[in-house]
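The chain contents come next:
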Amino acid sequence: MMSVPLVAVIQFPGSNCEYETERVIRNSGMDSRIYRWNQWRELKDSLPDAYVLPGGFSFQDRIRAGAVAAKERIMDLVFSEAEDGKPVLGICNGAQILVESGMVPGWEKGRIESALAANHISGRSGYLSRWIFLHATARAQQICPWLEINGIIPLPIAHAEGRFVFSEENHGRTERSAALKYCDEKGNESGDYPVNPNGSFLNLAGVMNDRGNVLAMMPHPERAFWLWQLPPSLPGEWGDRRTHSLLSGSYASSKGPGSLFFTSLADFFKGER
Amino acid sequence: MGNISIIVRLKSPDPAAMTAMSTFRRIYPEMCPDSLQRYDYWCFMNPRQGRETINGIVSRYHDIVNPNKQTWSFINESGDSDDRSDDSMVWIDVRVTDRIDSVSENWTAILRRSNSEVDGVLCSVLWRFGFAPGVSSDNARNKVLELTVSTYRDHGLLANPVSQKIDLPAPLKI
């Protein structure tokens, strides 16, 4: 048992999801504070219990998404805290930063062993924004503090570079780093658009390190924290829940599928996992 | 017929090149180049009417060259650009190309559909590293590879070899 855990949200120049991320962490029963990329000393002094790298376009995605932020001094601290086992979550651009930092899959310390490459979809290129479905792998559910998640989860994606890529010699060991996979509303995986929206290897939507404490995911759970954030046409269980809550009058206060990631972490700190 | 390549650059200073330079200065103060330039590099495969075909494509599609903010030039067969020359520095060029690239695929499809008489298009980014005279070419090439290829968190910046191909063509005379 510990006092209210503090989750640090790291803001880089160009991050644009830090405030809603901070808010949903607080709504999940934890404390949260935003630290700018150059506040590494303040970050170090406040001894956070976990870290979130939010979505956005750090350094305007110049050179390659996440590449410049990965070299920032504050990432030395995040890297070292992850080595000590503290939970780290990267969402969208945050995931790109974790990949470019070599923190996931992290088979060899600090080595960059994967990439979040440009989406590869027949007939179109560039930015893609839509709702997808995913499920957590069995291994991730066991070892990842963010992922006490069963069933099929709808979440929004919004990215141009979200295709997980691994070197061919590493394909054999990628499965054990798989944390989240794209699927349809019934849980069936497919490598084809729109089920796999970007051509990601093994339909990967999220990748973790071997210990499971670092998770890089492209979808945005903070944008599906409340049921009212779900679109009316969403099929599946969560679409039904949305309709039911709307009819029962609990629409405004009912938590959505994205909340599971953050309540999962809160439960982890309570020792309930 | 053969392939014809062009390079495209911003008229204003390139923000990605500026960010790369400032990052190099911070993480590689001893290896930092004296100049860094960034270009879009377009290789058009087998244009039927040679440069005339490319002139037509470039003038028709402002997504390739936006004349309001970009300039472009051909790269001739000897690897020289028609743009301008600068021999006062040691130049090393690096071309970075996505191994799988929707942009190239989609431009190939667009240009084939519009009967523009090319077999395909390959888009890359060309980075030009300039070092002050006195640096040997070998030394400069080693520095460029170290600065470019991202293998560890604290090694390299411009290309992730997991998803990108990196080649060092003969330096262009620009």
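Every value quoted in this text rests on a predicted model; they were computed, and no experiment measured them.

**Student:** Tell me about the nonpolar core, and please be specific about residues and values.
**Tutor:** Counting 106 residues, the largest nonpolar core has L147 and F261 of chain A together with F24, W127 and F129 of chain B as its most contacted members. Counting residues per element, this core draws most heavily on helix α3 (residues 73-83) of chain A, at 6 residues. Beyond its immediate stretch of four places on either side in the chain, F261 of chain A contacts L134, W146, L147, I149, I153, L155, L180, M217 and P221 of chain A.

**Student:** Pulling in residues and values, what's your account of the interface of chain B and chain A?
**Tutor:** With 28 residues of chain B at the contact, the number on the chain A side is 34 residues. Around 2400 Å² of area is buried between chain B and chain A when both sides are counted, 51% of it from carbon and sulfur atoms. Its largest share of buried area at the contact with chain A, chain B owes to Y152, R153 and V162 of chain B, together 33% of the area lost on that side. For the pair chain B and chain A, the number of links is 2 salt bridges.

**Student:** Before we move on, can you summarise the sheet that holds strand β3 (residues 70-75) of chain B with the specific residues and values?
**Tutor:** Residues and elements named next belong to chain B. Spatial ordering of the open sheet is given by β3-β1-β2-β5-β4-β6, a layout of 6 strands whose pairing is antiparallel. For this open sheet the edge positions go to β3 and β6 (164-167), each flanked by a neighbour on one side alone. Neighbour-to-neighbour, the strand axes of the sheet open up by a mean angle of 30 degrees, direction not taken into account. In terms of strand pairing, strand β1 (residues 4-10) meets β3 through 6 bridges, oriented antiparallel. Looking at β3, one finds that I6 is bridged to F74.

**Student:** Give me the environment of N160 of chain B: which residues, what numbers.
**Tutor:** Looking at the element boundaries, N160 of chain B is found in the loop between α4 (137-148) and β6. Considered as a pair, N160 of chain B and D40 of chain B are 120 residues apart in the sequence and their alpha carbons are 17 Å apart. The contact partners of N160 of chain B, leaving out residues within four places of it in the chain, are R64, E100, I112, S114 and A115 of chain A together with S150 of chain B. In terms of polar contacts, N160 of chain B uses its side chain to reach the side chain of E100 of chain A, at 3.4 Å. Within polar-contact distance, the side chain of N160 of chain B engages the backbone nitrogen of V162 of chain B at 3.0 Å.

Rules and cut-offs
Residues numbered from 1 in each chain as written. Chains lettered and ligands numbered in written order. Predicted model: local features only at pLDDT ≥ 70, side-chain atom pairs only at ≥ 80, totals over all residues. Heavy atoms only, no water. Core = buried A, V, L, I, M, F, W, Y, C linked by side-chain atoms within 4.5 Å. Buried < 20%, exposed > 50% of the residue type's maximum accessible area, 1.4 Å probe, protein only. Helix = DSSP H or I, 4+ residues; strand = E, 2+ residues; numbered from the N terminus. Contact = heavy atoms within 4.5 Å. Buried area = accessible area lost by both parts, 1.4 Å probe. Salt bridge = Lys/Arg side-chain N within 4 Å of Asp/Glu carboxyl O. Pairing = 2+ DSSP bridges. Axes fitted to C-alpha atoms, helices over the stretch in contact; angles between N-to-C directions. Polar contact = N/O pair within 3.5 Å; in protein donor to acceptor, adjacent residues only side chain to side chain.

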